[in-house]
Amino acid sequence: MAGRNGRTVRDLRRGNRTAVLQKLYFDGPLSRFELGPATGLSSGSVSNVVADLIADGLVEEAGSVDSDGGRPRTLLRVAPESGQLIGVDVGETRVRVELFDLALTELARTERPLTPQGYDVEVIAGHIRDGIAQVLEAEQAAPERLLGVGVGVPGIVEHTPDHGAVVHGQTIGWDAVPLERLLRSASRLPDEIPYFIDNGAKTLGQAEMWFGAGRGARNAVVVLFGSGVGACVVTPEVEHGRAVEWGHLTVRVRGRRCRCGAPGCLEAYAGAESLLARWREAGGRPPEGTDEETALTAMLAAAYPPEGAEPDPLALAVLEETAEYLGAGLSDLINLFQPERILIGGWAGLQLGTRFLPAVRHHATTYALRHPADKVTIDLGRLGPDAVTVGAAILPLADFFASGGRRPEPVTEDRLPAWRAALRQRAPR
């Protein structure tokens with residue numbers, strides 16, 4: 001039966017379960033007494049919801065605390081073992097698949113390196129399917145405990161009613177790839193296990209906002225700096241984050257040709273792939289036959305050698321120029337979105353960050369308008385190179401919250417608003 005606002009009794013119960021689960025997840029352990037004012041529910045509703053969640057195995061006791069003159073109060077928390085999540089990072093150099101428990105503790109992982117020509121759609125889909133099977137087998141996980149699979153990909157993701165998530169990845173040669181349909185077509189998972197596919201910069205941003213350096217911020221930009229560059233913008237108007245193709249902002253008219261085909265993109269100067277190419281073009285000698293991460297490590301070692309050794313002037317000049325391009329690119333984000341924080345993540349960003357973060361800050365504030373520049377902090381992300389997979393795993397976790405902890409069922413259009421609302425949940429300051 002529906003009430004005046006169109007909500008049914010089932011909707012109300014699901015909403016109450018969601019409120020309790022989210023409060024325990026982000027602020028727990030908490031007692032039943034504390035859950036009332038924290039969720040706005042009556043003590044009777046809290047007791048009923050908690051009893052249901054304990055019966056479902058989703059909530060467990062976690063010790064007790066003394067009360068004022070009464071019996072000790074039992075503390076409750078979300079049971080970490082009650083569900084499992086998979087996060088997938090389709091990166092530029094590898095496909096990483098990780099299995100997490102409900103507390104996002106890593107249980108198993110596998111990685112499959114990619115060659116520069118390794119973006120064949122079927123190859124990537126095969127890596128994802130095989131990686132999922134491998135982590136589930138390593139943990140001897142029961143499929144019924146799996147709540148969903150989140151996948152972070154390079155490119156723009158469009159959700160369609162006929163094909164699910166479709167990826168437009170111009171820089172990797174993907175033109176309207178129906179990735180969700182491809183994964184499901186040969187999936188070894190039960191049909192009801194949902195897939196959630198989104199831009200990798202956005203999943204990085206989601207992870208940093210929930211668990212990393214973005215906690216407590218209302219306005220933030222999280223930058224993914226790998227072979228290319230991208231960003232996720234989080235504002236009160238777009239609380240679950242919007243991926244922006246920041247790497248394809250034009251920073252130089254008639255400049256270097258970007259891998260997207262356009263001239264002068266930021267990515268043509270600031271991505272790790274272009275950074276190494278520019279070093280080579282200047283006369284430097286990146287190590288042959290190595291992957292980008294190894295080559296970038298060698299470039300850093302050449303530019304910043306041990307004390308007493310002479311730096312490679314070519315490598316140092318390219319890195320210093322890259323810091324200015326990045327700073328100029330960040331200034332545009334500062335002027336456009338006026339964020340409180342800018343966080344730099346991704347494997348290349350974390351590798352380079354400690355070396356040239358001061359220079360990036362200097363150039364960003366130099367190019368930006370003074371008022372918004374005075375209000376922003378620019379730092380590295382805190383979650384390390386696994387942040388994209390953690391953020392990808394948050395996608396099914398948000399669906400778990402939105403459903404009130406119910407077991408997976410096929411994702412339909414009517415479930416998306418609640419899922420998006422759950423993504424807006426923030427960890428406390």
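As annotated in an unreviewed UniProt entry, the protein is ROK family transcriptional regulator from Streptomyces yokosukanensis.

(A) Structural detail: the overall build of the protein. Looking only at helices and strands, one finds 14 helices and 16 strands in the protein. Computed over C-alpha atoms, the radius of gyration of the protein comes to 23 Å, within 12% of the 22 Å expected from 2.2 N^0.38 for 429 residues, which places it in the range of a compact globule. Burial status across the protein gives 53% buried among its 429 residues. Once local pairs closer than 6 in sequence are excluded, the contacts in the protein between residues at least 24 apart make up 60%. Looking at the protein as shown, the accessible area adds up to about 19700 Å², and 49% of this sits on carbon and sulfur atoms.

(B) Broad picture of the packing of helix H2 (residues 32-39) against helix H3 (residues 43-55). Viewed as axis vectors pointing N to C, H2 and H3 meet at an angle of 115 degrees, and their least axial separation amounts to 10 Å. When the axes of H2 and H3 are compared, the pair comes out roughly perpendicular. Judged by the twist between their axes, the crossing of H2 over H3 is right-handed. Residues Arg32, Leu35, Gly36 and Thr39 of H2 touch H3, and the partners they reach there are Val46, Val50 and Ile54. Of the residues that constitute the contact of H2 with H3, the class distribution is four nonpolar, two polar and one charged.

(C) Quick peek at the side chain of Glu267. Among the structural elements, Glu267 can be located in helix H7 (residues 267-270). Its relative accessible area of 6% is what places Glu267 among the buried residues. Aside from chain neighbours lying at most four places away, what touches Glu267 is Thr171, Gly228, Val229, Gly247, His248, Cys258, Arg259 and Ser274.

(D) Quick peek at the domain arrangement of the protein. Here the domain parsing of the protein yields domain 1 (9-78), domain 2 (84-203 + 386-403) and domain 3 (213-380). Taking only C-alpha atoms, the centre of domain 2 and the centre of domain 3 are 26 Å apart. Residue-level contacts link twelve residues of domain 2 with 18 residues of domain 3. Interface of domain 2 and domain 3: buried area, both sides summed, is about 1100 Å²; carbon and sulfur atoms make up 56% of it. The largest per-residue losses of area from domain 2 upon contact with domain 3 belong to Glu92, Thr171 and Lys202, which jointly make up 47% of the total buried on that side. Across the domain 2-domain 3 interface, the total number found is one salt bridge. The partner of Arg94 in a salt bridge is Glu293, and the shortest N-O contact between them spans 2.5 Å. For the pair domain 2 and domain 3, the interface holds three residue pairs in polar contact (both at pLDDT 80 or more).

(E) Just unusual backbone geometry, in detail. Residue Pro29 is bonded to the preceding Gly28 through a cis peptide linkage, with omega at 0 degrees. Among the structural elements, Pro29 can be located in the loop between helix H1 (9-27) and strand S1 (30-31). Unlike most non-glycine residues, Ala176 shows phi in positive territory, near 55 degrees. Tracing the backbone through its elements, the reader meets Ala176 in strand S10 (residues 174-177). For Ala176, a relative accessible area of 36% translates into the label partly exposed.

(F) How the structure looks around the sheet that holds strand S8 (residues 156-160). Read from one edge of the open sheet, three strands run S8-S9-S10, paired in antiparallel fashion. Each edge of the open sheet carries a strand with a single partner, namely S8 and S10. In this sheet, adjacent strand axes meet at a mean angle of 20 degrees when their direction is disregarded. Inspection of the sheet shows strand S9 (residues 164-169) paired to S10 by two bridges, in the antiparallel sense. Among the inter-strand pairings, Val167 is bridged to a residue of S10, identified as Val177.

(G) Highlighting H2. Of all the residues in H2, the buried ones are Leu35, Gly36 and Thr39. Around the axis of H2, the buried residues are gathered within 110 degrees of arc, so they sit on the same side. For H2, the exposed residues lying more than 90 degrees away from the buried face are Phe33 and Pro37. Where the residues of H2 are buried, they touch H1, S1, H3 and strand S3 (73-78). Where H2 ends, the next residue or the one after it, Gly40, has phi of about 80 degrees, a positive value.

Reading the values: rules and limits
- Residues numbered from 1 in each chain as written.
- Predicted model: local features only at pLDDT ≥ 70, side-chain atom pairs only at ≥ 80, totals over all residues.
- Heavy atoms only, no water.
- Helix = DSSP H or I, 4+ residues; strand = E, 2+ residues; numbered from the N terminus.
- Rg over C-alpha atoms; globule rule 2.2 N^0.38 Å.
- Buried < 20%, exposed > 50% of the residue type's maximum accessible area, 1.4 Å probe, protein only.
- Contact = heavy atoms within 4.5 Å.
- Areas by Shrake-Rupley, 256 points an atom, 1.4 Å probe, with all protein chains shown as cover.
- Axes fitted to C-alpha atoms, helices over the stretch in contact; angles between N-to-C directions.
- Parallel < 35°, antiparallel > 145°, perpendicular 65-115°, else oblique.
- Left-handed = near helix turned anticlockwise from the far one by under 90°.
- Nonpolar A, V, L, I, M, F, W, Y, C, P; charged D, E, K, R; others polar.
- Domains from an automatic or database assignment.
- Buried area = accessible area lost by both parts, 1.4 Å probe.
- Salt bridge = Lys/Arg side-chain N within 4 Å of Asp/Glu carboxyl O.
- Polar contact = N/O pair within 3.5 Å; in protein donor to acceptor, adjacent residues only side chain to side chain.
- Pairing = 2+ DSSP bridges.
- Arc of directions from axis to C-beta.

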